[in-house]
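Architecture at a glance
So the chains spell out like this:
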Amino acid sequence: MKSSNSFLAVALAIASLSFPVSVKADTVNARCDVFLKGEDRAISSGPCTFSQRQGAVSIQLENGRSYDLLPSGNRRGNYRDQNGDAAYSQCQRP
């Protein structure tokens, strides 16, 4: 794996997702916390845009960084990022 990218695995804890009841959108404003694999402290936290379509997830952070995740394996929340590195997405609704 590429150690220079330092995102060997990224866990994205998406909190405060607000899905409007009357609108069936695949994109919502959320709060995202980005963790390096094995770390318990986020390297980035704040507002983001979370999109999901046909199993693929796109996350655009307010600082301009983005993650494009494709499903990986049979377990919910397991993905591969745009670099092919393992990633995990966890959604928490209030």
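Only a predicted model underlies this, so the values are computations on that prediction, with no experimental measurement involved.

**Topic: the overall build of the chain**
Helix and strand counts for the chain stand at zero helices and seven strands. By residue count, 34% of the 94 residues in the chain fall in the buried class. For the chain, restricting intrachain contacts to residue pairs at least 6 apart in sequence, the fraction spanning at least 24 positions comes to 36%. Per element, the accessible surface of the chain, about 6300 Å² overall, is 46% carbon and sulfur.

**Considerations on the pattern of salt bridges**
When their charged atoms lie close together, side chains carrying opposite charge are able to pair. Scanning all chains against the criterion turns up one salt bridge. The salt bridge involving Asp-33 is made with Arg-31; its shortest N-O contact spans 3.4 Å. Its relative accessible area of 13% is what places Asp-33 among the buried residues. Overall, Arg-31 belongs to the partly exposed group, its relative accessible area being 37%.

**Topic: the pairing of strand β3 (residues 44-53)**
Relative to β3, strand β2 (residues 27-36) is paired through eight bridges, and the arrangement is antiparallel. Following the sheet pairing, Thr-27 is matched in β3 by Ser-51. In the sheet, β3 pairs with strand β4 (residues 56-61) via six bridges, with the strands oriented antiparallel. Within the sheet, the bridge partner assigned to Arg-53 lies in β4 and is Ala-56. Linking β3 to β4, which pair antiparallel, is a turn of two residues; within it Gln-54 sits at a positive phi near 50°.

**A short note on the pairing of strand β7 (residues 86-92)**
By the bridge criterion, three bridges tie strand β6 (residues 78-80) to β7 in an arrangement that is antiparallel. Across the sheet, Asn-78 pairs through a bridge with Tyr-88, a residue of β7.

**Some details on the confidence of the model for the chain**
Looking at the chain as a whole, its pLDDT mean stands at 76, while 71% of the residues score no less than 70. Note on residues 1-25: pLDDT under 50 across the span, and 74 contacts to partners over four residues away in sequence or across chains.

**Some words on the side chain of Ser-58**
Examined against the element boundaries, Ser-58 turns out to sit in strand β4. Looking at Ser-58, its side chain comes within polar contact range of the side chain of Arg-53, at 3.0 Å. Side chain to side chain, Ser-58 and Asp-68 meet in a polar contact 3.1 Å long. Leaving out residues up to four positions away in the same chain, Ser-58 has contacts with Thr-49, Phe-50, Ser-51, Arg-53, Tyr-67 and Asp-68.

**Quick look at unusual backbone geometry**
In this structure, Gln-54 takes a positive phi of about 50° despite not being glycine. Position of Gln-54 among the secondary structure elements: in the loop between β3 and β4.

Rules and cut-offs
Residues numbered from 1 in each chain as written. Predicted model: local features only at pLDDT ≥ 70, side-chain atom pairs only at ≥ 80, totals over all residues. Heavy atoms only, no water. Helix = DSSP H or I, 4+ residues; strand = E, 2+ residues; numbered from the N terminus. Buried < 20%, exposed > 50% of the residue type's maximum accessible area, 1.4 Å probe, protein only. Contact = heavy atoms within 4.5 Å. Areas by Shrake-Rupley, 256 points an atom, 1.4 Å probe, with all protein chains shown as cover. Salt bridge = Lys/Arg side-chain N within 4 Å of Asp/Glu carboxyl O. Pairing = 2+ DSSP bridges. pLDDT = per-residue confidence, 0-100. Polar contact = N/O pair within 3.5 Å; in protein donor to acceptor, adjacent residues only side chain to side chain.

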